[in-house]
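If you want the building blocks of each chain, they are given just below.
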Amino acid sequence: MIRAIRGMRDLLPPETERWQQVELAARELFRRYGYQELRLPLLERTELFARSIGAETDIVAKEMYTFTDRHGDSVTLRPEATAQVVRAFLEHGLAKAPGVKKYFLIGPMFRYERPQKGRYRQFHQINCEALGSDAPELDAEVILLLLDILREVGLGQVKLLLNSLGCPGCQVDFKAELKLFLFDREGWCPDCERRRAVNALRVFDCKSAHCQGLLQGAPALVDFLCPDCARHYARIKELLGRFQVDFEEQPRLVRGLDYYTRTTFEVTAAGLGAQDAVAGGGRYNGLIRELGGPDLPGIGFAIGQERLMEVLPPTAAGARRELLFLAYVGEAARDRALALLYELRQQGLAALMDFDHRSLKSQMSLADRLQAAAAVILGESELEEGVAQVKWLADSRQERLPLAELAGSLAARLRAPA
Ligand code: ATP
Ligand code: MG
């Protein structure tokens, strides 16, 4: 038997239905906030990610699925979405669109990481990107949107972590101070040993508990913000307060990509163990120019769908599907059921029947095992009277409904609150 590749999961029903619900809710909220969808390729030129994410980040240093295609070009399965959103934005001249350019993208990402709970090699993200404004109102709005999505899908208890990384100007003095601190201490992991020399900020993103311990008492970027960045950050906190959003300032939150400036944030949820970040995001004011475009700011977030699914409350056990099963006795009823099957589907109802000439008893058992909401039974006497026998499988309640308005009556009953 050939098995799936390690770290790549098959998503099966009923899990896929839950995924659809989550994505539907996200799409609806994106619509309300004025976002439009992008669908972009899974493969990009390697240099896109190498240039934008940063050579010392975990993603570029060790997690990318990179290979040479038949033409000899180096290509990479996308590890994240922002870089390619900016690539497409520039390639198609979207900067000319009016107002803030707001996009969402839902799909798989690929990182060669050690598979474990909440960490896979193919995982999925719901991404949000807003390009063209540096206003702190936009930062606050993006965070509100993220929290709205999480609340809408049923994730009530979350923690919002917030930080500001300032602009490149603020980072100059800070990095000098941080380097002094890092070189003052020994015992860093080999990665951080290298990072402290070439990209000191990255040490904050180290996963090792030991390095995190050594970082106690490290200087904080928020203490080095220039007046503009400090005002920007203060305004975001003020706005979040006005919208009654609780947050916790986390001065070490730099996040895993080099291109972040000013605002960074993360949402964590209990019950995920070590991988507790459900979503993360931030501002990337230098990225668009870095990739050869105009000097435009941007901000976004990504929700990790696997981690989100993991912490959502389970759907009610034994819940039946919104599905009707047509059962019949005899050839005439079978033909009528075939027609009815089509009619019900035309009316928007989900309906199935058996084509394999089973007995009524095994049709009923099949309906039950398929978790149908009701079995609609047609026999000779029902046909004569122009009715169907409907058995609601959750409680075995039965009723006779006129065939003429069957779809309408069933739809009303299926949609009525239980
Ligand atoms: P982590 O610190 O957990 O490695 P990250 O900083 O690498 O996260 P981002 O690049 O910000 O993560 O991606 C946004 C979200 O995508 C994360 O908060 C997480 O929910 C999810 N995510 C990231 N990597 C994985 C993975 N390998 N498997 C499953 N989900 C992931
Ligand atoms: Mg990571």
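Computed from a predicted structure; not experimentally measured.

What follows is about the site of ligand 1. Around ligand 1, a shell composed of 15 residues is seen, among which Arg-111, Glu-113, Tyr-120, Arg-255 and Ala-277 lie nearest. Lys-207 places a side-chain nitrogen or oxygen 3.0 Å from an oxygen atom of ligand 1. Burial of ligand 1 by the protein amounts to 92% of the accessible area it has alone, namely 590 Å². Broken down by secondary-structure element, the contributors of at least two residues to the shell around ligand 1 are β6 (122–131), β10 (277–283) and β11 (298–304). With three residues, the top contributor of residues to the shell around ligand 1 is β10. Residue classes in the shell around ligand 1 are distributed as six nonpolar, three polar and six charged.

Our focus in this paragraph is the sheet that holds strand β14 (residues 374–378). If you trace the five strands from one edge of the open sheet to the other, you get β13-β12-β14-β15-β16, paired in mixed fashion. The open sheet has two edge strands, β13 (351–353) and β16 (397–402), and neither has a second partner. Strand-to-strand twist of the sheet, defined as the mean angle between neighbouring strand axes without regard to direction, takes the value 30 degrees. Bridge count between strand β12 (residues 324–328) and β14: five bridges; the pairing is parallel. Within the sheet, the bridge partner assigned to Ala-327 lies in β14 and is Ile-377. Strand contacts of helix α13 (residues 360–369): β12, β14 and β15 (387–392), with the helix running at about 175 degrees to β12, the strand carrying the most contacts.

A common way to express how large an interface is: the accessible area buried when the components associate. Per the domain assignment, the segments of the protein chain are domain 1 (15–167 + 226–311) and domain 2 (323–415). Here domain 1 and domain 2 have C-alpha centroids that lie 47 Å from each other.

What follows covers the pairing of β12. A regular strand places its side chains so that they alternate between the two faces of the sheet. Taking burial as the measure, the five residues of β12 include five buried ones, the bulk of the element. Burial along β12 is two-sided: Leu-324, Leu-326 and Tyr-328 facing one way and Phe-325 and Ala-327 facing the other are all buried. Looking at chain direction, β12 and β13 are connected through three bridges and run parallel. Each residue of the ladder has a partner; that of Leu-324, found in β13, is Ala-351. What joins β12 to β13 is helix α12 (residues 331–346), and the crossover it makes is right-handed.

Counted by the stated rule, this structure contains 40 salt bridges. Close ionic contact of Lys-117 with Glu-310 constitutes a salt bridge, the shortest N to O distance being 4.0 Å. Of this pair, Lys-117 sits in the loop between β5 (101–110) and β6 while Glu-310 sits in helix α11 (residues 305–311); the two residues are 193 residues apart in sequence, bridging distant segments of the chain. With its nearest N and O atoms 3.9 Å apart, the salt bridge here joins Arg-415 to Glu-322.

This next bit is on helix α7 (residues 190–198). Within α7, the full set of buried residues consists of Cys-192, Arg-195 and Arg-196. Looking straight down α7, one finds its buried side chains confined to an arc of 100 degrees; they lie on one side. Counted as exposed and oriented over 90 degrees from the buried face of α7: Pro-190 and Val-198. Packing partners of the buried residues in α7 comprise α3 (58–63), α6 (168–184) and α8 (209–214).

It is worth spelling out the side chain of Gln-171 at this point. Here Gln-171 lies in helix α6. Since its relative accessible area comes to 10%, Gln-171 is described here as buried. In contact with Gln-171, not counting residues within four places along its chain, are Leu-165, Gly-166, Leu-201, Leu-221 and Tyr-260.

All right, on to the nonpolar core then. Ranked by internal contacts, the top residues of the largest apolar core, which has 95 residues, are Phe-30, Phe-301 and Ile-303. In terms of residue count, the dominant contributor to this core is helix α5 (residues 136–152) (ten residues). Not counting residues up to four positions away in its chain, the partners in contact with Ile-303 are His-124, Gln-125, Ile-126, Leu-146, Ile-149, Leu-150, Val-278, Ala-279 and Leu-308. Counting residues in each nonpolar core, the second largest holds 25 residues, with Ala-333, Ala-373, Leu-401 and Leu-410 among its members.

Reading guide: rules and limits
In this numbering scheme, every chain counts its residues from 1 along its sequence in written order. Following the order in which they are written, the chains are lettered starting with A and the ligands numbered starting with 1. With pLDDT at 70 or above as the cut-off, local features in this predicted model cover only qualifying residues; side-chain atom pairs require 80 or more to be listed or tallied, and sums for whole chains, interfaces and linings still use all residues. Only hydrogens and water are removed before side-chain values are computed, so all heavy atoms of the structure are retained for them. Residues are classed as near a molecule or strand on a simple rule: at least one heavy atom within 4 Å of it. Nitrogen and oxygen atoms within 3.5 Å of one another constitute a polar contact, given that in protein one can donate a hydrogen and the other can accept it, and given that sequence-neighbouring residues count only through two side-chain atoms. Where accessible areas are quoted, they stem from the Shrake-Rupley method and a 1.4 Å probe; at the residue level, only the protein chains shown are allowed to cover. In this text, helices come from DSSP runs of H or I with a minimum length of four residues, and strands from runs of E with a minimum of two, each type numbered from the N-terminal end. Gly is placed with the polar residues, together with every amino acid not listed as nonpolar (Ala, Val, Leu, Ile, Met, Phe, Trp, Tyr, Cys and Pro) or charged (Asp, Glu, Lys and Arg). Only strands that DSSP links by at least two bridges are regarded as paired with each other. Between N-to-C directions, angles cover 0 to 180 degrees, with each direction set by a line fitted to C-alpha atoms, over the stretch in contact for helices. By the convention used here, residues are in contact when the closest approach between their heavy atoms is within 4.5 Å. Bear in mind that the domain bounds are from an automatic or database domain assignment. Remark: exposure states derive from per-residue accessible area (1.4 Å probe, protein chains only) relative to the maximum for the residue type, with buried under 20%, exposed over 50%, and partly exposed in between. For a crossover, the right-handed case is the one in which the path from the first strand over the helix to the second runs clockwise, viewed with the strands pointing away from the viewer. Salt bridges, as used here, are contacts in which a Lys or Arg side-chain nitrogen is within 4 Å of a carboxyl oxygen on Asp or Glu. Arc definition: directions from the helix axis to the C-beta atoms. Only buried residues count toward a nonpolar core. Its members are Ala, Val, Leu, Ile, Met, Phe, Trp, Tyr and Cys residues joined through side-chain atoms within 4.5 Å.

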